[in-house]
Amino acid sequence: MNGTSEISINAKNRDYFSSVYDVVRLIPPGKVTSYGAIANFLGSAKSSRIVGWAMNASHKFHDVPAHRVVNRNGLLTGKMHFEYPSKMEELLKMEGIDVSENRIVDFENVFWDPSEALQKF
DNA sequence: CCATTGACTTAAG
DNA sequence: CCTTAAGCCAATG
């Protein structure tokens, strides 16, 4: 079989990466969360950078709404990694989230904390 | 195994 | 609000 490389990547990253993707997939439309919140929910609050690492590879997984993950200030720090820089902002506004100057407007009101919304598994 | 990197976060000035 | 610096940890070469 020739498609084993992609599968092996998935298998190798299954532990942490897949857990991150699971959480991101559960973010309700119109809500956002932060890298640190995801890391905290997964039990490793200091691995927020690893969550960003996982998101960098999330392009392979079409079900992951990466635009709903921002940094703890509500800044769209990952926008440069989309197909084009304004894509992230467009996707957010399409869900009713207002964005101004690369920042989520009323960030605390649209913030979705997986630790409160989800049961730990 | 060592050095570098990074879609983070916190603290300090 | 701005920039630096340090801590952090997995991936990458």
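Bear in mind that the values here come from a model prediction, so they are computed numbers and not experimental data. (Residues numbered from 1 in each chain as written. Chains lettered and ligands numbered in written order. Predicted model: local features only at pLDDT ≥ 70, side-chain atom pairs only at ≥ 80, totals over all residues. Heavy atoms only, no water.)

**Quick notes on the pattern of salt bridges**
The criterion, for reference: We count a salt bridge whenever a side-chain nitrogen from Lys or Arg sits within 4 Å of a carboxyl oxygen from Asp or Glu. Accessible area is worked out with a 1.4 Å probe on protein chains only. A residue is then buried under 20% of its type maximum, exposed over 50%, and partly exposed in between. Helix and strand assignments come from DSSP, with helices taken as H or I runs of at least 4 residues and strands as E runs of at least 2, each series counted from the N terminus.
Considering all chains together, one arrives at 4 salt bridges under this definition. Measuring nitrogen to oxygen at the nearest pair gives 2.7 Å for the salt bridge that ties Lys-87 to Glu-83. We classify Lys-87 as buried; its relative accessible area is 18%. Across the pair Lys-93 and Glu-89 runs a salt bridge whose closest N-O atoms are separated by 3.1 Å. Placement of both Lys-93 and Glu-89 in helix α5 (residues 87–94) is noted, with a separation of 4 residues, approximately one turn of the helix. With a relative accessible area of 19%, Glu-89 lands in the buried category.

**Some words on the packing of aromatic side chains**
Selection criterion: Stacked, edge-to-face and tilted are the three classes for Phe, Tyr and Trp ring pairs, Trp counted by its six-membered ring, which pair at centre distances within 6.5 Å; planes under 30 degrees apart are stacked, over 60 edge-to-face, the rest tilted.
As enumerated under the stated definition, the model contains 3 aromatic pairs in all. The interplanar angle of 40° and the centroid separation of 4.6 Å between the aromatic rings of Tyr-21 and Phe-61 together place this pair among those described as tilted. Here Tyr-21, found in helix α2 (residues 16–25), pairs with Phe-61, found in the loop between α4 (48–56) and β2 (69–70); they are 40 residues apart in sequence, far enough to count as distant. Note on Phe-61: relative accessible area 23%, which makes it partly exposed. Relative to Phe-111, the ring of Phe-107 has its centre 5.5 Å away and its plane inclined at 65°; by these criteria the two rings are edge-to-face. Grouped by ring-pair contacts, the aromatic residues Phe-17, Tyr-21 and Phe-61 constitute a single cluster.

**A word on the protein's contact with DNA strand B**
Note the threshold: For this purpose, a residue is taken to be near a molecule or strand whenever a single non-hydrogen atom of the residue falls within 4 Å of it. Any pair of nitrogen or oxygen atoms within 3.5 Å is treated as a polar contact; in protein, a donor-acceptor pairing is required on top of that, and neighbouring residues in sequence qualify only through side-chain atoms on both sides. Note that Gly is not counted as nonpolar here; it falls among the polar residues with everything else outside the nonpolar set of Ala, Val, Leu, Ile, Met, Phe, Trp, Tyr, Cys and Pro and the charged set of Asp, Glu, Lys and Arg.
In the region of DNA strand B, 19 residues are neighbours, and Arg-49, Met-55, Asn-71, Arg-72 and His-81 sit closest. Counted by atom, the contact set of DNA strand B within 4 Å of the protein is 49% sugar and phosphate. Measuring from a base nitrogen of DNA strand B, one finds a side-chain N or O atom of Arg-49 at 2.4 Å. In the model, a phosphate oxygen of DNA strand B is placed 2.9 Å from a nitrogen or oxygen of the Arg-72 main chain. In terms of residue count, α4 provides more of the surface near DNA strand B than any other element does, 7 residues in total. Its residues assigned to classes, the surface near DNA strand B comprises 6 nonpolar, 11 polar and 2 charged.

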